[in-house]
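Structural features, examined
For reference, the chains in residue letters:
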Amino acid sequence: MSRRSRARDAGFACGSLPAGTLNSIADVPGVRVGHRTLVDGDIRTGVTAIVPHGGNLYREKPIAAVHVLNGFGKSAGLVQVEELGTLETPILLTNTLSVGTCCTALVRHAVENNPDIGRETATVNPVVFECNDGYLNDIQALAVTEADARAALERASPQFEGGSVGAGCGMSTFGFKGGIGSSSRRLDLDGRSFHLGVLVLSNFGRSGDLRLPDGRIVAPSKAAMDEKAAEKGSIIIIAATDIPLSDRQLKRVIRRSGVGLARLGAFWGHGSGDIALGFTTANILSHDEKTALVELRILNENRIDLLFEAMADATQEAILDALVAAGSMTGRDGHHRPGLVGALKSLTTET
């Protein structure tokens with residue numbers, strides 16, 4: 001992450017497990033993140049790309065899993081991930097009305113690198129997640145293009161910014177400015193160090209419900225504390241690890257993302273799209289496998305509680321990371337979201 005303020009700069013560390021060196025999803029070797037941010041007039045949107053490894057994802061597919069906490073969302077590609085337990089493209093995050101554009105960009109990217117797609121071999125499953133940034137962004141402008149999606153992919157790096165960047169540009173969280181956040185945990189197994197990293201696109205939570213790690217409940221205004229509106233936001237949670245897991249084990253792990261959301265005061269309301277996807281770079285399935293039987297290593301499930309704890313803590317901190325990094329923003333029609341850190345001194349609080 002850049003040296004933009006992060007959760008730990010504000011004193012918001014979660015749990016007792018150690019963080020990775022970067023304290024981001026990129027602590028998992030090979031994982032890279034890139035952004036394309038669009039700010040122009042009433043436009044506050046963008047694309048964020050998560051690239052699981054540096055090879056050809058269509059040919060070398062990481063084992064993956066999806067868990068839907070609440071399905072009020074328009075994401076693409078989840079059915080096949082759920083059925084087959086693999087990823088075969090990078091993951092793109094964007095706004096709700098730009099899912100189709102990003103899908104097309106991923107298909108073109110895959111076909112460029114695999115000309116046999118849809119002709120000599122199977123088609124490709126693009127994976128795109130979305131949140132609705134329409135409060136701050138003119139979402140009807142359909143500003144995101146295939147070129148923007150490609151730019152996010154080309155900029156993917158282990159060093160990346162958080163807050164109001166990429167897909168997080170126009171997002172809101174608990175009535176504050178939200179966006180992209182990340183955190184990781186280092187885990188020691190059999191004398192070796194591994195990592196579990198989380199990246200969130202945070203756009204959820206009812207104003208007045210945010211609970212900080214010290215127990216304070218904070219809101220951007222007294223009115224928000226007293227007159228709570230319906231929960232209509234969304235959050236996308238992407239988890240990566242270099243621990244060998246099966247897709248079933250990954251699903252068990254990413255379910256615990258809900259613990260991190262609940263600690264912060266969320267209850268996954270009717271209008272909220274809360275979805276987690278996890279992948280492991282330690283188990284890769286070849287598209288061109290010739291043998292009838294393949295071998296996979298998996299975790300001894302007597303040790304899986306460690307990953308459950310890491311998932312809960314890293315998710316909670318990644319959301320706080322987005323809130324701290326985002327700052328404040330004024331967008332479409334003068335709509336405004338204050339930054340959490342800048343507002344802390346004047347916030348209405350209760351314990």
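The rules behind each value
- Residues numbered from 1 in each chain as written.
- Predicted model: local features only at pLDDT ≥ 70, side-chain atom pairs only at ≥ 80, totals over all residues.
- Heavy atoms only, no water.
- 1 Å grid on protein atoms, 1.4 Å probe; cavity = no way out; pocket = protein on both sides within 12 Å on 5 of 7 lines; lining within 4 Å.
- Points joined across faces, edges and corners; volume = space filled by probe spheres on them.
- Nonpolar A, V, L, I, M, F, W, Y, C, P; charged D, E, K, R; others polar.
- Salt bridge = Lys/Arg side-chain N within 4 Å of Asp/Glu carboxyl O.
- Helix = DSSP H or I, 4+ residues; strand = E, 2+ residues; numbered from the N terminus.
- Pairing = 2+ DSSP bridges.
- Axes fitted to C-alpha atoms, helices over the stretch in contact; angles between N-to-C directions.
- Contact = heavy atoms within 4.5 Å.
- Parallel < 35°, antiparallel > 145°, perpendicular 65-115°, else oblique.
- Left-handed = near helix turned anticlockwise from the far one by under 90°.
- Buried < 20%, exposed > 50% of the residue type's maximum accessible area, 1.4 Å probe, protein only.

1. Thoughts on empty space enclosed by the protein
In this approach the atoms are scanned with a rolling probe the size of a water molecule, which exposes any empty space left behind. Under the criterion given, the structure shown has 1 cavity of 30 Å³ or more. When its volume is computed, the largest cavity comes out at roughly 30 Å³. Considered class by class, the residues forming the lining of the largest cavity number 8 nonpolar, 1 polar and no charged.

2. Topic: the pattern of salt bridges
Here the structure, examined in full by the defined rule, presents 16 salt bridges. Between arginine 6 and aspartate 321 there is a salt bridge, with the nearest N and O atoms lying 3.2 Å from each other. You can see arginine 6 sitting in the segment before strand S1 (32-40) and its partner aspartate 321 sitting in helix H7 (residues 304-326), a full 315 residues away along the chain. It is possible to trace a salt-bridge network through shared partners that takes in Arg8, Arg185 and Glu317.

3. Let's talk about the sheet that holds strand S3 (residues 60-71)
Spatially, 5 strands are ordered S3-S13-S12-S9-S8 in an open sheet, and the strand pairing comes out mixed. Looking at the sheet topology across the chains shown, the edges are occupied by S3 and strand S8 (179-189). Across this sheet, the average inter-strand angle for adjacent strands is 15 degrees, counted without regard to direction. Bridge count for S3 against strand S13 (residues 273-286) is 11 bridges, and the pairing is antiparallel. Across the sheet, valine 68 pairs through a bridge with isoleucine 275, a residue of S13. Packed on one face of the sheet, H7 meets S8, strand S9 (192-203) and strand S12 (234-241) and runs near 155 degrees to S8.

4. Quick notes on the packing of helix H2 (residues 99-113) against helix H3 (residues 146-154)
Packing of H2 against H3 leaves a shortest axis separation of 8 Å and a crossing angle of 60 degrees. Accordingly, the angle class assigned to the pair H2 and H3 is oblique. You can see that H2 and H3 cross each other, and the crossing is right-handed. Every residue of H3 that contacts H2 at Thr101, Cys102, Thr104, Ala105, Leu106, Arg108, His109 and Glu112 is listed here: Glu146, Ala149, Arg150 and Leu153.

5. As for the pairing of S8
Across the 11 residues that make up S8, a large majority, 9, are buried. Two strands pair when backbone bridges link them, and S8 and S9 are joined in this way by 11 bridges, in the antiparallel orientation. Bridging from a neighbouring strand, leucine 187 pairs with phenylalanine 194 of S9.

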